[in-house]
Structure formats: structure tokens, C-alpha cells
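Now for the letters of each chain:
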Amino acid sequence: LALNGVKKDDIARGYQLVTPGSAAVTRRLDVRLNVMAHYQGVVKNRQRVHVHHAGREVLARVVLLDEEELGGNAGPRTGLAQLHLENELVAAREDRLVLRFYSPVTSIAGGIVLDAAPQSHKRFDEQVQENLIIMESGDPAELFRQNLRQAGTAGLALSEALGQQDDPEALPVGKRLYHRDLMDELAVQIAANVDAYAARFPLRLGVPKEECRRKCKFKAGPNEWSAICLKLAETASWVVAGDRIGPTETGPLLSATMTAAVTKAAAELEGFGLDWPGLDNWIEESPLFKAATRDKEMQEFKAAEVIRHLVDHEQAVAISNEYHVSRPAYDELLTKLRAHFAENDEIAFADFRALSGLTRKLGIPMLEYLDFNGLTIRAGDVRRAGASL
């Protein structure tokens with residue numbers, strides 16, 4: 001092979017040239033060991049040996065899985081074992097290898113690789129032995145499907161696929177495989193959570209992804225959960241919207257009564273301009289919220305929920321937890337700022353107050369919000385135009 005651009009020092013004896021993605025390095029191998037006929041010694045558990053595989057040689061410890069020891073005068077001469085390698089190598093199922101005694105260097109056993117990327121096993125574990133026997137003489141696809149189902153929502157890493165990653169029962173998501181039946185059940189479970197959340201909070205976009213993960217008892221982490229949700233959403237009755245899972249990208253469909261009330265609330269908020277009265281004062285002054293308490297259909301029409309809904313749908317801007325303005329009022333403020341900076345390099349608070357009509361109570365939070373979002377840049381007691389403006 002002529003390897004263009006590869007230096008001699010980049011490679012070493014035992015390196016392999018493989019199709020990308022077809023193999024992985026490993027530090028463990030599950031094997032069937034057969035003691036050689038000429039060897040009259042004993043292969044003991046935890047014995048240190050030389051492992052010869054293809055062109056590579058590494059040191060390893062032999063963990064005997066179903067026998068106390070192999071060989072000797074009357075002992076068993078074959079057994080299941082796991083090799084704990086001191087250096088990495090690349091192997092595949094059904095590869096052959098040779099074990100040689102550590103010192104003196106004598107060939108003692110041959111082996112057949114059953115699993116090239118196993119988990120660490122305990123000795124004399126009946127389930128482990130059964131799985132390895134299936135891998136050795138049974139149907140690898142059967143074992144893979146069994147492992148896939150047993151893994152549950154945690155799934156299996158691609159390295160644990162036993163060469164069966166294209167099995168029709170396996171759903172690949174990222175670098176993991178999941179049982180399709182379990183994922184179908186999970187999609188139904190997510191749908192139930194979405195519906196229940198929508199009934200409880202009709203004005204919200206959907207159930208938080210992390211909350212849904214906990215309720216579904218998903219065993220893997222948040223990254224795997226996000227990947228699974230995006231995959232299942234391709235054919236599900238629900239969608240992923242940012243950090244939420246909802247019935248649609250804009251949340252639950254609202255009743256005509258609720259839609260009309262939200263529209264009126266948006267108009268009231270716009271009427272405040274930038275001069276937000278505070279949530280409690282809005283509740284006290286608005287007939288909308290008083291009427292909602294008397295209407296069974298409108299029990300969830302609460303000011304905090306309405307504000308959240310308007311922010312989620314870009315009809316309002318959350319300047320802080322206690323300060324909200326309508327999107328038109330906010331956009332008008334930005335238009336005035338652009339006009340100011342077109343003729344001036346900076347703006348002091350007195351000028352900002354004249355431009356916005358805000359006192360320090362609301363003016364300072366507004367400026368801090370503008371600073372945070374790169375619309376203005378604070379320089380001492382004045383602001384300059386930010387790149388985002």
C-alpha cells in the first residue's frame with residue numbers, strides 16, 4: 001500500500017487500515033479460549049499474558065468467566081474469558097488470536113473473539129455466560145435484540161451493536177441505538193405528558209423537556225433525550241419548540257374565548273407603552289382578570305400566564321422578572337435610539353429619560369437590558385450604540 005502523506009513515524013507494527021466507522025479500538029475482549037494440546041501448564045485467573053492479534057502484540061490479564069482455571073493434568077481445556085488489555089487494539093467478532101505465557105514466552109492457548117467491545121463482567125455470572133454462548137453458537141441478531149430491549153431507554157452505544165447496527169428493530173439516534181418498539185411507547189408517553197401539560201397550562205408553549213424526561217423516567221442524559229425527542233417528533237403528534245415539547249410550535253390551540261381575551265390583554269399591555277404598572281396593579285385595574293375568575297373556561301387566564309404567553313409569542317419583551325413591555329412599544333424605543341445615535345455618539349440618562357419617558361425606576365432596568373443584549377454599551381455614566389442596535 002502506498003500511503004500518501006503518512007510518515008513512517010505515524011504508524012507502528014499492528015496498525016490496521018479499515019473502512020471508516022467499521023471498527024473501534026478496545027481495551028477489553030470477550031473470547032473463547034482453547035488451551036493448546038502441547039501445553040501442560042495451568043491458565044489461572046488474572047494471569048498476565050501476551051496477546052497476539054493480527055500483527056499486534058499487547059499484554060493483558062485473563063479473567064476466567066466460567067472456570068476456576070484451565071489446563072493442567074485433568075482440568076478443562078476450554079472456557080470463556082475476558083481479556084483486559086494493557087494497550088488498545090482493533091478487533092472484530094470471530095477474529096483469532098494467540099495467548100503466550102508472560103515469562104518464559106511460550107504459546108499456551110488460542111482464542112476466538114466473541115465480543116470486541118464488551119462491558120466489564122463479573123466471574124461466574126450466568127447471564128453473561130448465556131449471552132456469550134449465544135454469540136458463539138447462536139444468532140447474534142437475537143442476542144442484540146435482547147440486549148437492546150434490556151437496555152431500555154438508555155439504549156446501546158454503537159460499539160455494543162455486535163455488528164447488528166442495521167437490524168430493523170434498532171433505531172439509530174446519534175451514537176446510540178434504541179429498540180423501535182420502546183421508542184414508539186416512549187413517543188406515546190411523551191404525547192400523554194404534552195396533553196396533560198396543555199390542559200393544565202393552556203397558555204404555555206409546552207412541557208419543559210427536562211420535566212418530561214423525568215416523568216418519562218428516561219435513563220440516559222439530557223443530550224440523548226434532546227436527540228431522541230427530535231427524532232421521534234418527525235412522526236409524532238407533538239413538536240419540539242426550543243426547550244419545550246408542545247402540541248404545536250406555537251403551543252396548544254386556544255378556545256375562541258381564550259384567544260379573544262389574550263388579544264385584549266396584548267392591547268392593554270401595548271397601551272401602557274414603556275410605563276409598566278407592575279403585575280399586581282395590572283391585575284387590579286384590568287376587568288379582564290376579574291371577569292376570568294367568574295368564567296370556568298378561563299380559570300387559567302392569569303396575568304403571569306398571559307405575560308409568559310405574550311413573551312413566548314414575541315408580542316411582549318421581558319425586560320426583567322418584574323418589568324414587561326409590549327413588542328411595539330419596545331420596537332418604537334429602538335427606533336428612537338437609532339435616530340439619536342445617528343446624530344450623537346453617546347446618550348446620558350437625562351437624554352434617555354427624555355427620549356423614553358422613563359424614570360430611574362424603570363429606566364435603569366431598561367438600559368441594563370439593552371446593555372446585556374448588545375444594543376447599547378455602557379461607558380461610565382453614558383451609553384454608546386452597540387453592534388446589535
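Quick note: structure is the one above.
Residues numbered from 1 in each chain as written. Predicted model: local features only at pLDDT ≥ 70, side-chain atom pairs only at ≥ 80, totals over all residues. Heavy atoms only, no water.

Engineer: Mind showing me how you'd approach the overall build of the protein here?
Structural biologist: Assigned secondary structure in the protein consists of twelve helices and 19 strands. The globule rule puts the C-alpha radius of gyration for 389 residues at 21 Å, and the 33 Å found for the protein is more than 25% above it. Along the longest, intermediate and shortest principal axes, the C-alpha atoms of the protein span 100 × 55 × 35 Å. Each of the 389 residues in the protein was classed as buried or not, and the buried ones make up 42%. Contacts in the protein between residues far apart in sequence, at least 24 positions, make up 59% of those at least 6 positions apart. Element-wise, carbon and sulfur atoms account for 49% of the exposed surface of the protein, whose accessible area totals about 21,300 Å². Charge centroids of the protein, computed over 47 positive and 55 negative side chains, lie 5 Å from each other. (Helix = DSSP H or I, 4+ residues; strand = E, 2+ residues; numbered from the N terminus. Rg over C-alpha atoms; globule rule 2.2 N^0.38 Å. Buried < 20%, exposed > 50% of the residue type's maximum accessible area, 1.4 Å probe, protein only. Contact = heavy atoms within 4.5 Å. Areas by Shrake-Rupley, 256 points an atom, 1.4 Å probe, with all protein chains shown as cover. Lys, Arg positive; Asp, Glu negative; His and termini not counted. Charge placed at Lys NZ, Arg CZ, Asp CG, Glu CD.)

Engineer: Can you walk me through the environment of Thr19 in this structure?
Structural biologist: You can see Thr19 is positioned in the segment before strand 1 (25-35). Thr19 sits in the exposed class, given a relative accessible area of 55%. Taking the C-alpha atoms as reference, Thr19 lies 16 Å from Leu158; in sequence the two are 139 residues apart.

Engineer: When you look at the packing of aromatic side chains in this model, what are you seeing that I'm missing?
Structural biologist: Aromatic ring pairs: the centre-centre distance and the angle between the two ring planes describe each pair. What the rule picks out here adds up to nine aromatic pairs. Consider the rings of Tyr197 and Phe201, whose centres lie 4.9 Å apart with planes at 50 degrees: the pair is tilted. Neither Tyr197 nor Phe201 differs from the other in exposure class; each is buried. A centroid spacing of 5.1 Å and a plane angle of 85 degrees characterise the contact between Trp282 and Phe289, whose relative ring orientation is edge-to-face. By the burial criterion, Trp282 is buried, and Phe289 matches it. By way of ring pairs, the aromatic residues Phe272, Trp276, Trp282, Phe289 and Phe301 are connected into one cluster. For Arg204, the ring lying beneath its charged end belongs to Phe201, and the centroid distance is 3.8 Å. Sitting over the ring of Phe349, Arg360 keeps its end group 4.9 Å from the ring centre. (Phe/Tyr/Trp six-rings, centres within 6.5 Å; stacked < 30°, edge-to-face > 60°. Lys NZ or Arg CZ within 6 Å of the ring centre and 35° of its normal.)

Engineer: I would appreciate a short explanation of the pattern of salt bridges in the present structure.
Structural biologist: Side-chain pairs of opposite charge can arise where the charged atoms are in close proximity. As enumerated under the stated definition, the model contains 16 salt bridges in all. Its salt-bridge partner being Arg145, residue Asp167 comes within 2.8 Å of it at the nearest N-O pair. Of this pair, Asp167 sits in the loop between strand 9 (156-157) and strand 10 (170-173) while Arg145 sits in helix 2 (residues 140-151), placing them 22 residues apart in sequence. In this structure, Arg384 and Glu346 form a salt bridge, with 4.0 Å as the shortest nitrogen-oxygen distance. One end of the pair, Arg384, is in strand 19 (residues 382-385); the other, Glu346, is in the loop between helix 10 (327-343) and strand 17 (347-348), and 38 residues separate them in sequence. Here the salt bridges share partners, and the residues they tie into one network are Arg145, Asp167 and Glu169. (Salt bridge = Lys/Arg side-chain N within 4 Å of Asp/Glu carboxyl O.)

Engineer: Help me understand the packing of helix 6 (residues 256-271) against helix 9 (residues 303-312) in this model?
Structural biologist: At a minimum axis separation of 11 Å, helix 6 and helix 9 run at an interaxial angle of 85 degrees. With respect to their mutual orientation, helix 6 and helix 9 come out roughly perpendicular. Residue-level contacts link Val262, Ala265, Ala266 and Leu269 of helix 6 to Val306, Ile307, His309 and Leu310 of helix 9. Residues that form the contact of helix 6 with helix 9 fall into these classes: seven nonpolar, one polar and no charged. (Axes fitted to C-alpha atoms, helices over the stretch in contact; angles between N-to-C directions. Parallel < 35°, antiparallel > 145°, perpendicular 65-115°, else oblique. Nonpolar A, V, L, I, M, F, W, Y, C, P; charged D, E, K, R; others polar.)

Engineer: Help me out: how do you make sense of the sheet that holds strand 8 (residues 107-115) in this one?
Structural biologist: Whenever strands of a sheet pair, they do so through backbone hydrogen bonds, lying parallel or antiparallel. The antiparallel closed barrel is built from six strands, whose spatial order is 1-6-4-3-7-8. Taken over all neighbouring pairs, the strand axes of this sheet differ in orientation by 40 degrees on average, direction set aside. (Pairing = 2+ DSSP bridges.)

These results come straight from atomic positions and should not be treated as a statement about function.
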